[in-house]
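Here is how the chains run, residue by residue.
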Amino acid sequence: MLPLKALSLFIFMVILLSLGASLAQATRHGDLSGSQGGWWSARRDSSGLAPDPRRYASQAIVQVYAAPTYGWKGAVAVHPWIIFKRAGETRFNRYEVISWGSGEKVRRNSNLPDGYWYGAKPRLLVEHRGADAEAMIPRIEAAIHSYPWPNTYHAWPGPNSNTFLAHIGREVPALKLDLPANAVGKDYRPLWRPIGLPPSGRGIQVSVLGVAGVTLGAEEGFELNVLGLNMGLDFTPLRLRLPFIGGIGSENVQQDNPPG
C-alpha cells in the first residue's frame, strides 16, 4: 500500500505544481481574462510562421500548429490545426474542429493558415516538405473525411479539436505527430475500442474515454493519463511531459527541412 500511496502523492504534486506554473504564466501574460475588449477583438492575423505558399508554389508543404485556447482555458489546454498544400498550389488549406456553431464541427479555412488563435501565438509542432509531404496529403484528406465525430464536441474528455488531430496522426503515421501533454482530448477513445494506436500512429495506447490510460509511442514516449491530465517522459527529444504546461525541455518540433 505504501508504494501506491507514494505514487498517488507524486502524481498529485506533479498536477498541482504544473497547474501553478501554468496559472502563473497565464496571469503574467494576461491570458486568464482573454484579450482586452473580448474575443471579437482578439488578435487573429498571421503569425508569420507559415512559409509563403506563392514563393514555395513548387513544393508540397504540411504543417501542424497548436496555440493556447482562448481565455482561462488557455492555462490548461491547447487548440491544434493542420495546414497543407500540394506542389503547384499557391494557397494552404486549413482544417480544425471548432466547438461553436451548429452542425459539423470540422471546419475548412475558417482562419488564416498560421493565424493567432484569439490572441495566442501558435507554435509549430510538425513540418514536412517535398515528396514526403505530397505523398501524405491524400491520406490526411482521407483521415479528415473519416473522423468519427464530425458533429460532436466536448471540451473534456473529448471528442474535441485535439481528438481530431490525434485521429489524423493515427491514420497517417508518416506525419510523426507529437501532440503536447496539454492537448486535452488527444487520448479520447470510445469505450468499445480502448486499445489501439497512439496519436503518433506508432506504438500502443490503452485509454478509457480519454479519462485514464497509458501511452507508449514513438513520438510521445511514455505517458500516463489521470482524469485526462497527462504526464510522462518523451525521448524524441528528451523532455518531461506535464499537464497544463505541456512539457519541459526541447521544443516539440519535427521537421523534414528547415523553414524557408
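Residues numbered from 1 in each chain as written. Predicted model: local features only at pLDDT ≥ 70, side-chain atom pairs only at ≥ 80, totals over all residues. Heavy atoms only, no water.

- The name given to the protein chain in an unreviewed UniProt entry is DUF3750 domain-containing protein, with Candidatus Pantoea deserta as the source organism.

A closer look at the overall build of the protein chain
Right, so step 1: When helices and strands are counted, the protein chain shows three helices and 13 strands.
Right, so step 2: The buried share among the 260 residues of the protein chain stands at 50%.
Right, so step 3: Here the analysis covers contacts within the protein chain between residues at least 6 apart in sequence; of these, 55% occur between residues at least 24 apart.
Right, so step 4: In the structure as shown, the protein chain presents an accessible area of about 12200 Å², 63% of it carried by carbon and sulfur atoms. (Helix = DSSP H or I, 4+ residues; strand = E, 2+ residues; numbered from the N terminus. Buried < 20%, exposed > 50% of the residue type's maximum accessible area, 1.4 Å probe, protein only. Contact = heavy atoms within 4.5 Å. Areas by Shrake-Rupley, 256 points an atom, 1.4 Å probe, with all protein chains shown as cover.)

Re the pattern of salt bridges
Right, so step 1: The tally for this structure, following the rule as stated, stands at eleven salt bridges.
Right, so step 2: The closest approach of N and O atoms between Arg43 and Asp45, which form a salt bridge, is 2.6 Å.
Right, so step 3: The exposure class assigned to Asp45 is partly exposed, which follows from its relative accessible area of 33%.
Right, so step 4: Residues joined in a network through salt bridges with shared partners are Asp178, Lys186, Asp187, Glu223, Asp234 and Arg241. (Salt bridge = Lys/Arg side-chain N within 4 Å of Asp/Glu carboxyl O.)

Let's talk about the nonpolar core
Right, so step 1: Ranked by internal contacts, the top residues of the largest apolar core, which has 30 residues, are Val62, Ile82, Ile140, Phe164, Ile168 and Leu175.
Right, so step 2: Secondary-structure elements contributing two or more residues to this core are strand S1 (61-68), strand S2 (78-85), strand S3 (93-97), strand S5 (123-129), helix H2 (131-145) and helix H3 (161-171).
Right, so step 3: Ranked by the residues each element gives to this core, the list is headed by H2, at six residues.
Right, so step 4: Those residues in contact with Phe164 that lie beyond four places of it in its chain are Tyr95, Glu96, Val97, Val106, Ile144 and Tyr147.
Right, so step 5: Membership of the second largest hydrophobic core comes to 14 residues, among which are Ala42, Trp81, Trp117 and Leu124. (Core = buried A, V, L, I, M, F, W, Y, C linked by side-chain atoms within 4.5 Å.)

Some details on H2
Right, so step 1: Counted at 1.5 Å a residue, the expected span for H2 with its 15 residues is 21 Å, and the 23 Å between its end C-alpha atoms agrees.
Right, so step 2: The largest bend in H2 comes to about 30°, at Ile137, with the proline Pro138 one to four residues further on.
Right, so step 3: Among all positions of H2, only Ala133, Met136, Ile137, Ile140, Ala143 and Ile144 are buried.
Right, so step 4: Packing partners of the buried residues in H2 comprise S1, S2, S3, strand S4 (106-108), S5 and H3. (Expected span 1.5 Å × (residues − 1). Bend = angle between axes of the 7 residues up to and from the residue.)

Some points on the side chain of Lys105
Right, so step 1: Inspection of the secondary structure puts Lys105 in the loop between S3 and S4.
Right, so step 2: Polar contacts involving the side chain of Lys105 include one to the main-chain carbonyl oxygen of Gly101, which spans 2.5 Å.
Right, so step 3: Setting aside residues up to four positions removed in sequence, Lys105 forms contacts with Glu96, Val97, Ile98, Ser99, Trp100, Pro150, Asn151, Thr152 and Tyr153. (Polar contact = N/O pair within 3.5 Å; in protein donor to acceptor, adjacent residues only side chain to side chain.)

Considering unusual backbone geometry
Right, so step 1: The omega angle of the peptide bond from Trp156 to Pro157 is -5°, so this bond is cis rather than trans.
Right, so step 2: Examined against the element boundaries, Pro157 turns out to sit in the loop between H2 and H3.
Right, so step 3: The linkage connecting Gly158 with the following residue, Pro159, adopts the cis geometry, with an omega of 0°.
Right, so step 4: For Pro159, the location among the structural elements is in the loop between H2 and H3.
Right, so step 5: With phi around 50°, Tyr118 is a residue other than glycine that occupies positive phi space.
Right, so step 6: Relative to the elements of secondary structure, Tyr118 occurs in the loop between S4 and S5.
Right, so step 7: Backbone geometry at Phe244 places phi at a positive 70°, although glycine is not the residue there.
Right, so step 8: Within the secondary structure, Phe244 sits in the loop between strand S11 (238-242) and strand S12 (246-249).

Side note on H3
Right, so step 1: With ten of its eleven residues buried, H3 lies for the most part within the structure.
Right, so step 2: Along H3, the positions that sit buried rather than exposed are Ser161, Asn162, Thr163, Phe164, Leu165, Ala166, His167, Ile168, Gly169 and Arg170.
Right, so step 3: Among the structural elements, S1, S2, S3, S4, H2 and strand S7 (203-208) are those in contact with the buried residues of H3.
Right, so step 4: For H3, the N-terminal cap is Asn160; the gap from its side-chain oxygen to the backbone nitrogen of Asn162 is 3.0 Å.

Re the pairing of strand S8 (residues 212-217)
On a regular strand, one side chain projects to one face of the sheet and the next to the other, so that they alternate.
Right, so step 1: Residue alternation in S8 divides its side chains into a buried set, Gly213, Thr215 and Gly217, and an unburied set, Ala212, Val214 and Leu216.
Right, so step 2: Relative to S8, S7 runs antiparallel, the two sharing six bridges. Bridging across to S8, Ile204 finds its partner in Leu216.
Right, so step 3: Counted along the chain from S7 to the antiparallel partner S8, the turn is three residues long, and its residue Leu209 has a positive phi close to 55°.
Right, so step 4: Between S8 and strand S9 (residues 221-226), which pair antiparallel in sequence order, lie three residues. (Pairing = 2+ DSSP bridges.)

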